[in-house]
Amino acid sequence: MVINPNWPILSEEWAPYWNANGATQPIDRYVEVTGRTQGRTAVQRGRQYELDQVRSGEYQLTLANLDGALDPTNISGPWAGHIQPFQPYRKRAQWPPTQNLLGQVAATGGDLGGASTGPLDASAAGPAIFTNTDPTTGQIVQDATAWQGSRALQFSVPSGTAAPARVCHTPQSGVVPSQTYTMQIQVRNITGATSLQVKPSIGWYQAGVTSGPASFAYGPAVTLSGSPTAPWAQLTVTATAPANAAGIDVGVALAATAAAGVAVQADGWQLEKGPVPTAWTAPGVWYPIFAGWAERWSPRWTMSGTYGTVDPICVDSISLLSQVRLDDPLTMEIHSHRPRFLFKLDDPQGAASFADATGTYPAAKIGVSKLGAGSLTSGNAITAASSSGTYTGSSGTVVSVDNSDPGTNLISPASFVNLTGLGIKGPANPSGTWSRMFAFRYTGPTPSGMAVIWSSLGARAGGGSVLYWRIAPGGMLQLVMSGPSGAAHAFEPPTAPVTDSNWHLAIASYDHAAAQLLVSLDGVTAYWGIDPATEPTGLASDSVGGWIDPTTGNGSAWQFKGDLSFVTEFPTALTGADCANLYGAWKNACSGESSTARYARILRYAGYSGPTSLQTGLTTAMGPANIDGQDAVSALQAVVDTENGSHYIDRAGVVTFRARSARYNATTPTYVFGERTDLGEWPYEDCQLDFDVTHLSNQVTVTQQSTGQQFYAQDAASVASFFGRALSRTVNSASALECQDAAGYLLSRYKQPATRVSTIRLHPSALPALWPVCLSLELGMRVRVMRRPPGAPPITVDCFVENIMVEMDDQNEAFWVLQCSPADVTPYGLTAAWHATLKTTVAAGANSVVVNASADTANPLGSQMAPGQQLVLGQNTTTAETVTVSAIGATSPGWTQATLTLASPTTQAHTAGDLICEPLPAGTTDPTTWDPASAFDAVAFAY
């Protein structure tokens, strides 16, 4: 392979083996189509300005298609039937360029590539080195006798492992169909008094074949004689990829069954194009340029229809997520567990049947008991006895049941939701794993017998299996369960009575393998060990809203009175955390969670299972997740707006969420671009600055989404200079203080115009030293741009990269074009009041106090306060008093307690653990949070 030292090794790779698969970016099974690229290619990612919504990244290119192999309609093509929209596509570049196509960790045994010694990372973020013989993942070991460097890969081979199991293998590279490849690797056996026969292997994946490589090519077998100081043996194999290859996998396989357990080391691994191995070379770094999905395939024909091309349009995961329409949080939480059925019971008034929201079953009809109909109506409002007794995780209506004689054993007429008629007769797999959930509000009297809410009963009169929920005479909810011949057992979660006319959420989950039953009520979960004889097999009915006995022709007693919704079954066992998530989604639409947790929740609801990098957000309590009817990207953007952070899909296809602290704390530029290379600046070809009013705002309104309350900030001087310019933003923080602070920040940030970098153009093909800089650039990175106009002082613009365009062509030209937003003109800080807690109880008349460590223990306490400092002892208690410090006891870094001598004795007694802090501004009680005196652009010093 001919290497151009001034141009990286580029690899354009498409994966006909995969589909969108939850937007998971695969690490393997790609077809390399680099040789088919023609003309100009262009990647664009990011947003135009920092307040704009991020747009889907897009990659445009043209591929030669003379053979019709990339035509989706070509039924005789090598990938016929496997060219579909939204298959993975990635573009990578290796710098510096080498003939070695492997990653640095694999090629060097872990000396390069940033991996640590120890077990190999088998996750998607790892080096993609696998083993079929080692029960673990293999490891990187330190070894003074490594073939090169000081590390090697090591894998165990247990005795009796049969050929051709692969000791180690990697599928890192894309494959060029009909291309000849050569692999070489150094191996040895370090287990004394053993031997092992191995051979090098190259495997070829095919689209549509899921069990692994469809075929293998092997090199000559080598016997490895074991010794801790065994010499290294080189294995080499050469093979040509099939015309329909959809991936390549190279490694070391057993040539014979292992006669004893051994440890095999590998080093000096190389994969290259060509029929002859060349000298091993440590590869350059593989940099991702784009990772996304081939959204569409557009065949074209030129030269009078004789020259075929295809123009795939590739997009990143934002495009996939934008197609996902979200429902209310509870429905989305339920669907994330793949329910067997979901009867929300929110059907309109007068409905005689109830739809299954999963679409699996027909609508359930209203059933009638043996003695006739009771009362069951749909389309009723969600009400409760108290304002906190409702649920807000879903809107809509509910079903109300008003059968006579509730809570008694009188046989009465009844109406109920008839699941039996749909073929639902108890859990789908009562002897495996199952979970059932429903929401209810009981409005009848406290049962004298019991009130049954949901019953599944056996077909044998007078006995058999039962599975039903009941409200017992004391008002407690119980799950009753028994097997065909066993006694019934009642399982009661440790909560309060449910006869309060408020809404409750009940969940039961059974795991046969673990012999465990979980019962949860309103997020409180209890567990029981279960004898399998208690499993309710042979059930013959399923009735929601009462006790309906199929053995007596639907006789009914122990009636229920109240409201019902969200009758659900899951085919899996739930955990306590799952139940808590379901309850939180049902009760208050996940209120109170952090911005990071909300962002992750929306991704999960959208079905995203790909890689993520989610930074811890500074918004710690969000309001309700009002996502019903939104697409996933809009819902994610709302979280970003609340956090005042950013999000994007990075070069490797990773969904990335950054907190507002990411920009606050990025105080130094990663790169400096300018004309002075002697000062370490990287030269640009063009730089366009703009001193504009695109984001000039001096009248800011922030609306708190959950309450509709508005918060304001404005600057009279800016209004006088630039006229009134409004900026509105809706944030979903539960904290009114945070909403006000958001208004203050936006005003501080945008009340004056700022210099923006509308374009900076880098030309790495003209200056190869720029390649690693350009290939490392990422959205959100802080950079500095220097511009030195003739006869004027230098212009310095610190800014964040908002948009990246990468342009390349087949004439070896490459450009990176950036658009950047200015960094905040001034840094921000907020000094909280000094605060700690009392270490010991203090009696009235004490002349000193002992305090626990404050937030800063790196510095001695004497450097944080001075004699004469006033402190409040017992802040927020009835015995609070202000004292003056006369001396501070000696402390050293890492201190855990300190003694403060007081100028006069205390007048009150104080308890250990009481808060002690500097005097706070009037009207405030918390030394750790915002107060009216703390605002952006305000300056205040305690001393």
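Only a predicted model underlies this, so the values are computations on that prediction, with no experimental measurement involved.

A. Geometry of the overall build of the protein. From N to C terminus, the protein includes 10 helices and 56 strands. Projected onto its principal axes, the C-alpha coordinates of the protein cover approximately 90 × 80 × 70 Å. Within the protein, buried positions represent 52% of all 943 residues. A separation of at least 24 residues holds for 73% of the contacts in the protein among residues at least 6 apart in sequence. Surface summary for the protein: the accessible area is close to 37000 Å², and the carbon and sulfur share equals 53%. Computing the positive centroid from 48 side-chain charges and the negative centroid from 69, the protein places the two 3 Å apart.

B. Seen up close, helix 6 (residues 632-643). In this model helix 6 runs 17 Å from its N-terminal to its C-terminal C-alpha over 12 residues, within 8% of the 16 Å that 1.5 Å per residue would give. Those residues of helix 6 lying buried are Ala632, Val633, Ala635, Leu636, Gln637, Val639, Val640, Thr642 and Glu643. Those residues of helix 6 hidden inside the fold are in contact with helix 2 (317-322), helix 5 (595-605), strand 40 (646-649), strand 41 (655-658), strand 46 (726-731) and helix 9 (736-750). At the exit of helix 6 stands Asn644, carrying a positive phi of roughly 60 degrees.

C. A look at the nonpolar core. Core analysis: the largest hydrophobic core is formed by 81 residues, its most contacted members being Trp14, Phe673, Leu762, Leu777, Met808, Trp816 and Leu818. Within the second largest apolar cluster, 43 residues are counted, among which are Leu102, Val167, Val175 and Ala266.

D. The packing of helix 5 against helix 6, seen in detail. For the pair helix 5 and helix 6, interaxial distance at closest approach is 10 Å and the crossing angle is 175 degrees. When the interaxial angle is binned, helix 5 and helix 6 end up roughly antiparallel. Together, Ser595, Arg598, Tyr599, Ile602 and Leu603 of helix 5 and Ala632, Ala635, Leu636, Val639, Val640 and Glu643 of helix 6 make up the contact between the two elements.

E. Inspection of the side chain of Gln637 at higher detail. Its location among the elements puts Gln637 in helix 6. The class for Gln637 is buried, based on a relative accessible area of 5%. Residue contacts for Gln637: discarding those within four places in its chain leaves Asp52, Gln53, Val54 and His647.

F. Fine view of the sheet that holds strand 40. Strand order in this open sheet of 3 strands is 39-41-40, and the pairing throughout is mixed. For this open sheet the edge positions go to strand 39 (612-614) and strand 40, each flanked by a neighbour on one side alone. Neighbour-to-neighbour, the strand axes of the sheet open up by a mean angle of 10 degrees, direction not taken into account. Here strand 39 pairs with strand 41 via 3 bridges, running parallel. Its bridge partner being in strand 41, Thr612 is matched across the sheet by Val655.

G. Layout of the pairing of strand 46. Here strand 46 shows a clear split, with Leu727, Arg729 and Val731 buried on one side and none of Ala726, Ser728 and Thr730 buried on the other. Sheet analysis places strand 44 (residues 699-704) next to strand 46, joined by 6 bridges and oriented parallel. Paired with Thr701 across the two strands is Ser728, which belongs to strand 46.

H. Fine view of the packing of aromatic side chains. With the rule as written, the count across this model stands at 29 aromatic pairs. Consider the rings of Trp14 and Trp297, whose centres lie 5.2 Å apart with planes at 70 degrees: the pair is edge-to-face. A residue pair is termed long-range when its members are at least 10 positions apart, and Trp14 in strand 1 (residues 9-14) and Trp297 in the loop between strand 17 (285-296) and strand 18 (299-302) qualify at 283 residues. Across this residue pair, the class does not change: Trp14 and Trp297 are buried. Among the aromatic residues, ring-to-ring pairing joins Tyr391, Trp503, Phe566, Tyr583 and Trp586 into one connected group. Arg92 extends its terminal NZ or CZ atom over the ring of Trp286, reaching a point 4.2 Å from the ring centre. We note Lys199 situated over the ring of Tyr218; from NZ or CZ to the ring centre the distance is 3.9 Å.

I. Broad picture of the sheet that holds strand 22 (residues 353-354). One open sheet holds the 8 strands; their spatial order is 22-23-26-35-28-29-30-31, and the pairing between them is antiparallel. Both outer strands of the open sheet, strand 22 and strand 31 (489-491), are each paired with one neighbouring strand and no more. Strand direction decides the pairing type here: strand 28 (residues 451-457) and strand 29 (residues 466-471), joined by 6 bridges, are antiparallel. By the bridge assignment, Val452 is partnered in strand 29 with Arg470.

J. Quick peek at the pattern of salt bridges. If you walk through the whole model with that rule in mind, you get 40 salt bridges. In this structure, Glu778 and Arg651 form a salt bridge, with 3.3 Å as the shortest nitrogen-oxygen distance. Highlighted residues: Glu778 in the loop between helix 10 (771-776) and strand 48 (782-787) and Arg651 in the loop between strand 40 and strand 41, separated in sequence by 127 residues. With a shortest N-O distance of 3.1 Å, Glu738 and Arg660 are connected by a salt bridge. Here Arg660 lies in the loop between strand 41 and helix 7 (661-664) and Glu738 lies in helix 9, a separation of 78 residues in the sequence. A single network of salt bridges, built from pairs that share partners, joins Glu333, Glu593, Arg598, Arg601 and Arg604.

K. Quick peek at the side chain of Ser465. Here Ser465 shows up in the loop between strand 28 and strand 29. If we skip the residues at most four places from it in the chain, Ser465 touches Ser456, Leu457, Gly458, Ser482, Gly483, Pro484, Glu535, Pro536, Thr537 and Leu539.

L. Inspection of the environment of Gly523 at higher detail. Here Gly523 lies in the loop between strand 33 (516-521) and strand 34 (524-529). Given a relative accessible area of 32%, Gly523 falls into the partly exposed group. Between the C-alpha atom of Gly523 and that of Asn581, which follows or precedes it by 58 residues, the distance is 8.3 Å.

M. Region of interest: the environment of Ala122. Inspection of the secondary structure assignment puts Ala122 in the loop between strand 6 (118-119) and strand 7 (139-142). The class of Ala122 is partly exposed, set by a relative accessible area of 48%. Note: C-alpha distance between Ala122 and Thr137 (15 residues apart in sequence) is 6.6 Å. The contact partners of Ala122, leaving out residues within four places of it in the chain, are Phe130 and Thr137.

N. Region of interest: the pairing of strand 55 (residues 897-902). The side-chain alternation of strand 55 yields one buried face, formed by Ala898, Leu900 and Leu902, and one unburied face, formed by Gln897, Thr899 and Thr901. Sheet topology note: the strand 52 (residues 848-852)/strand 55 ladder contains 5 bridges and is antiparallel. For Val849, the partnering residue across the bridge sits in strand 55 and is Leu900. Here strand 54 (residues 881-888) runs beside strand 55; their pairing, made up of 3 bridges, is antiparallel. Counted as the bridge partner of Ala887 is Thr901 from strand 55.

O. Examining unusual backbone geometry more closely. A cis amide bond links Trp95 to the next residue, Pro96, at an omega of -10 degrees. Turning to its location among the elements, Pro96 is positioned in the loop between strand 5 (87-95) and helix 1 (104-108). Of note in this structure, Asn554 is not a glycine but carries a positive phi near 70 degrees. In this fold, Asn554 is placed in the loop between strand 36 (547-549) and strand 37 (555-557).

Cut-offs used in this document
- Residues numbered from 1 in each chain as written.
- Predicted model: local features only at pLDDT ≥ 70, side-chain atom pairs only at ≥ 80, totals over all residues.
- Heavy atoms only, no water.
- Helix = DSSP H or I, 4+ residues; strand = E, 2+ residues; numbered from the N terminus.
- Buried < 20%, exposed > 50% of the residue type's maximum accessible area, 1.4 Å probe, protein only.
- Contact = heavy atoms within 4.5 Å.
- Areas by Shrake-Rupley, 256 points an atom, 1.4 Å probe, with all protein chains shown as cover.
- Lys, Arg positive; Asp, Glu negative; His and termini not counted.
- Charge placed at Lys NZ, Arg CZ, Asp CG, Glu CD.
- Expected span 1.5 Å × (residues − 1).
- Core = buried A, V, L, I, M, F, W, Y, C linked by side-chain atoms within 4.5 Å.
- Axes fitted to C-alpha atoms, helices over the stretch in contact; angles between N-to-C directions.
- Parallel < 35°, antiparallel > 145°, perpendicular 65-115°, else oblique.
- Pairing = 2+ DSSP bridges.
- Phe/Tyr/Trp six-rings, centres within 6.5 Å; stacked < 30°, edge-to-face > 60°.
- Lys NZ or Arg CZ within 6 Å of the ring centre and 35° of its normal.
- Salt bridge = Lys/Arg side-chain N within 4 Å of Asp/Glu carboxyl O.

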